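# Chains, contacts and geometry: an overview
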Amino acid sequence: MDGQGRWVGSGAVHLLWALTLAGLAAAGEKEALPKSEAMTVGLGGGVTMDFVPIRPGSFLMGDERPGGVPVHKVTLTKGFHLGKHEVTQEQWQAVMGDNPSRSKGPKNPVEMMTWDDCQGFLKKLTEKHPGQTFRLPTEAEWEYACRAGSTTRYSFGDGALGEYAWHSGNASRTTHPVGEKKANPWGLYDMHGSVWEWCEDHYGPYQAEEQTDPTGASGKPGRMRVLRGGSWLNDPELLRSAGRSDGDPGGRSAAIGFRAVLVPGPR
Ligand SMILES: [Ca+2]
């Protein structure tokens, strides 16, 4: 793949002011509060990807449900930008020049790509946008953003899952265009359900102790990588904010996709 044509016009990173906090607009508060910018990145061919700012903070990770993991305090000291949506098929096509997905649709989440394939996608994006790094979220970053300040089963409470998520009970055994369901409190779509989302981390048991900027299983890492959020194929239990699974980084599934993290600077 020569890549030249696909990347024409893709170098610009556009900054848009997020209007999520009305207080930021008040005179005198602009300098007192950290900036909160949504970002839109060009992928080529007029295709873009939207990112939501996630501020540093602490949260309680995990849950105490059967099969759950120890609840423990996690602090993330660095902010980041997380994809507003799962990566779509037209976004994958714009960057990689192909579309491996089983359930075709330009706005549907890309699937049938491996964890390793995702690394190739993110590497290409990073190479094309000097000064920015694109990567997968850590498992802690993913749950922090999914919870969006909540401590309940889901980011919106304990019920009404169908308003926020595609799952086995409403998806008719296929994917759907991203963003059709309600967003979570931080403006992220389809964190619950739609497709599972690859995380950067190796899969393993949680530590019960408080952690800062964790990056996955401690000790000798295994081969498997973390999956989060459940999918159109799964029952509501697996769509919990703390629900998790694992996958072989070389494996493919029509129920597995991903979303990107954008951070400033080299990796
Ligand atoms: Ca998802």
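Going by the structure above, here's the rest.
Per chain, the residues get numbers from 1 upward, laid out in the order the sequence is written. Predicted model: local features are reported for residues with pLDDT of at least 70 only, side-chain atom pairs are reported and counted for 80 or more only, and whole-chain, interface and lining totals are derived from all residues.

## Structural notes on helix H2 (residues 115–128)
A turn of α-helix holds 3.6 residues, and therefore any two residues three or four places apart point the same way. When the terminal C-alpha atoms of H2 are compared, their 20 Å separation across 14 residues agrees well with the 20 Å that a helix rising 1.5 Å per residue should span. Listed in full, the buried residues belonging to H2 are Trp115, Asp117, Cys118, Phe121, Leu122 and Leu125. Around the axis of H2, the buried residues are gathered within 155° of arc, so they sit on the same side. We call two residues in contact if the C-beta atoms placed from their backbones are at most 7 Å apart. Secondary structure elements are taken from DSSP: a helix is a run of H or I of four residues or more, a strand is a run of E of two residues or more, and numbering for both begins at the N terminus. In the core, the buried residues of H2 are packed alongside helix H1 (89–96), strand S7 (132–135), strand S8 (196–202), strand S10 (225–228) and strand S11 (244–247). How far a helix is expected to stretch is found by multiplying one less than its residue total by 1.5 Å. Field definition: a residue is buried when 20 or more other C-beta atoms are found within 10 Å of its C-beta, exposed when 12 or fewer are, and partly exposed for counts in between, with C-beta atoms placed from the backbone. To be clear, the arc concerns the directions from the helix axis to the C-beta atoms.

## A word on helix H3 (residues 139–147)
With 9 of its 9 residues buried, H3 lies for the most part within the structure. Looking at H3, one finds that the buried residues are Glu139, Ala140, Glu141, Trp142, Glu143, Tyr144, Ala145, Cys146 and Arg147. Looking at the residues trailing H3, positive phi occurs at Ala148, about 50°.

## Quick look at the environment of Leu188
Checked against the element boundaries, Leu188 lands in the loop between helix H4 (161–164) and S8. For the pair Leu188 and Leu82, spaced 106 residues apart in the sequence, the C-alpha separation amounts to 8.2 Å.

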